[in-house]
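# Residue-level structural notes
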Amino acid sequence: MKTINSIPKSKLSRATKLVTTGAKVGKNYLNYYKNKITQSEEDARLKLNESNAEDIYDGLSNLKGSALKVAQMLSMEKSILPQQYVDKFSLAQFSVPPLSAPLVNKTFKTYFGKSPHEIYDEFNPESVNAASIGQVHKAIKDGKELAVKIQYPGVADSVSSDLALVKPIAIRMFNLKGKDSDRYFKEVENKLLEETNYILEVEQSMEVSENCSHIEHLKFPTYYPELSSDRIISMDWMHGEHLSEFAAKNTDPALANQIGQALWNFYMHQIHNMRKVHADPHPGNFLVSKDGNLIALDFGCMKQIPSDFYTPYFELIKPENINNPNIFQEKMFELEILRKDDSAEELEFFSKLFYEMISLFSRPFREETFDFADEEFFQQIYSLGDKYGKSREIKKFNGNRGSEHFIYMNRTFFGLYSLLHDVKASHVNIKTYLPAELS
């Protein structure tokens, strides 16, 4: 894979890169209209999606940082994007063009005042894993194999400007209106800024590791603060294959259920006992070891769950609450899904929409065990997303719906469900780690 010797850092240079990418997309649409003359609509559309996904991904790969992180997040939205985009954007999880060796050396000189070969006994200058915010190198120190994560230069400084560039597009896509929408962008901006703070990530990683070390079939690397800085992290090298690779070739149902149960227990313990959660559940953040253990990595994105959100959010998994019109509406207002300035038409529409969504997504919690390998369950999720994605009504109403905490909580649950589906976990004990009042 080719390496990158520099990354656009200024707002102007990054905006120019996006404009160039947009021009390529425009050219793809011209080709699409030409192809429709000689090809079927389906074939022409397929070619358009493939070309757009390729060009957009290549453009974002050179920008890295929050721009590429958005692509990574979108790769989990399988019910929204065409498969060609999902396949291409999913590479942002662990396979993008890495920094060149001279740029890696310069980064170490900046943050440690030394080259990597002066810090470690051995250091591989070639990246073994490159994602949206940083890349990983293999090193040896005092006989220990280490994974060294290096943040791309300029990523932290470009978060706000990158989001400012995509904000107008997001406002149109999600039909956001008024200044109230700023809180959603601020939530994303704050989380992305936290992910660039590697000192915070080391602290969070050590906290989660300590709190979740008792969970069966779940392992964590050891982190080394003395070999880390605000842009570099040193941790144990963990042997295993990415969760997506495991899922693609595993044929043992019992092992699939073992990994699935570890995933479920890991998330339920965080949410209900720690009241904070690893809010970046994509395959690149998990490995499966040869002895059948799940290995959790990368705790830069942790979502704190405030009580005034946690309580109404989880009260709605109870059938007696969601099926009681008065209680249901009360919780909808508490969660800011319904608004005091809503018209009667809006109240009716969004009550119905969220009743359908919550009833479907909370289904696993109403069972003792759940089959996440069930294709019908996920088809219902995708169909519901498609139904409301094409709804004319939703486009005319104010899209500012729900507390800002929904952004990462919903991402967490949809990501978790998707991972469990991918590994074909067909028998997951749901009640493990649930508080008594939710069981």
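The following refers to the structure shown. (Residues numbered from 1 in each chain as written. Predicted model: local features only at pLDDT ≥ 70, side-chain atom pairs only at ≥ 80, totals over all residues. Heavy atoms only, no water.)

Our next topic: the packing of helix α11 (residues 253-274) against helix α18 (residues 406-422). Across the interface, α11 lies against α18 with an axial gap of 10 Å and an inter-helix angle of 165°. Judged on the interaxial angle alone, α18 and α11 are roughly antiparallel. Seen from above, α11 lies across α18 with left-handed handedness. Of the residues in α18, those touching α11 at G260, L263, W264, Y267, M268 and I271 are T412, F413, L416, Y417, L419 and L420. Its residues assigned to classes, the contact of α11 with α18 shows 10 nonpolar, 2 polar and no charged. (Axes fitted to C-alpha atoms, helices over the stretch in contact; angles between N-to-C directions. Helix = DSSP H or I, 4+ residues; strand = E, 2+ residues; numbered from the N terminus. Parallel < 35°, antiparallel > 145°, perpendicular 65-115°, else oblique. Left-handed = near helix turned anticlockwise from the far one by under 90°. Contact = heavy atoms within 4.5 Å. Nonpolar A, V, L, I, M, F, W, Y, C, P; charged D, E, K, R; others polar.)

Moving on to helix α12 (residues 307-315). All of the buried residues in α12 are F309, Y310, P312, Y313 and F314. Looking at the buried side of α12, the elements it contacts are α11, α14 (325-334) and α18. (Buried < 20%, exposed > 50% of the residue type's maximum accessible area, 1.4 Å probe, protein only.)

Before going further, it helps to spend a moment on the sheet that holds strand β7 (residues 241-242). Strand order in the open sheet made by the 4 strands is β5-β10-β9-β7, with mixed pairing throughout. The open sheet has two free edges, formed respectively by β5 (218-219) and β7, since each of these has just one partner strand. Bridge analysis of β7 against strand β9 (residues 286-288) gives 2 bridges, and the strand direction is antiparallel. In the sheet register, E241 faces β9, and the bridge partner there is V288. (Pairing = 2+ DSSP bridges.)

Take the side chain of H272 next. Looking at the secondary structure, you find H272 in helix α11. Polar contacts involving the side chain of H272 include one to the side chain of Y310, which spans 2.7 Å. (Polar contact = N/O pair within 3.5 Å; in protein donor to acceptor, adjacent residues only side chain to side chain.)

One can find F328 in helix α14. Sequence separation between F328 and F354 is 26 residues, and the spatial gap between their C-alpha atoms is 9.9 Å. Apart from the residues lying within four places of it in its own chain, the contact partners of F328 are L316, N321, I322, S351, F354, Y355 and I358.

Another aspect to go through is the pattern of salt bridges. Throughout the structure, instances matching the rule amount to 18 salt bridges. A salt bridge links D280 to R411; its shortest N-O distance comes to 2.6 Å. Here D280, found in the loop between β8 (276-278) and β9, pairs with R411, found in helix α18; they are 131 residues apart in sequence, far enough to count as distant. For the pair D280 and R411, one class covers both residues: buried. Members of the salt-bridge network, linked through shared partners, are E315, E330, K331 and E334. (Salt bridge = Lys/Arg side-chain N within 4 Å of Asp/Glu carboxyl O.)

Core analysis: the largest hydrophobic core is formed by 91 residues, its most contacted members being Y120, L243, W264 and F266. No other element matches the 9 residues that α11 contributes to this core. Setting aside its immediate chain neighbours within four residues, Y120 contacts F108, A139, I140, K141, L146, V148, L227, I232 and S234. If you look at the next biggest cluster of nonpolar residues, it comprises 7 residues, including L163, V188, A279 and Y408. (Core = buried A, V, L, I, M, F, W, Y, C linked by side-chain atoms within 4.5 Å.)

Attention now goes to the environment of I271. Tracing the backbone shows I271 in helix α11. As a C-alpha pair, I271 and Y433 span 162 residues in sequence and 9.3 Å in three-dimensional space. Discounting chain neighbours no more than four positions away, the residues touching I271 are K276, V277, I305, Y310, F314 and F413.

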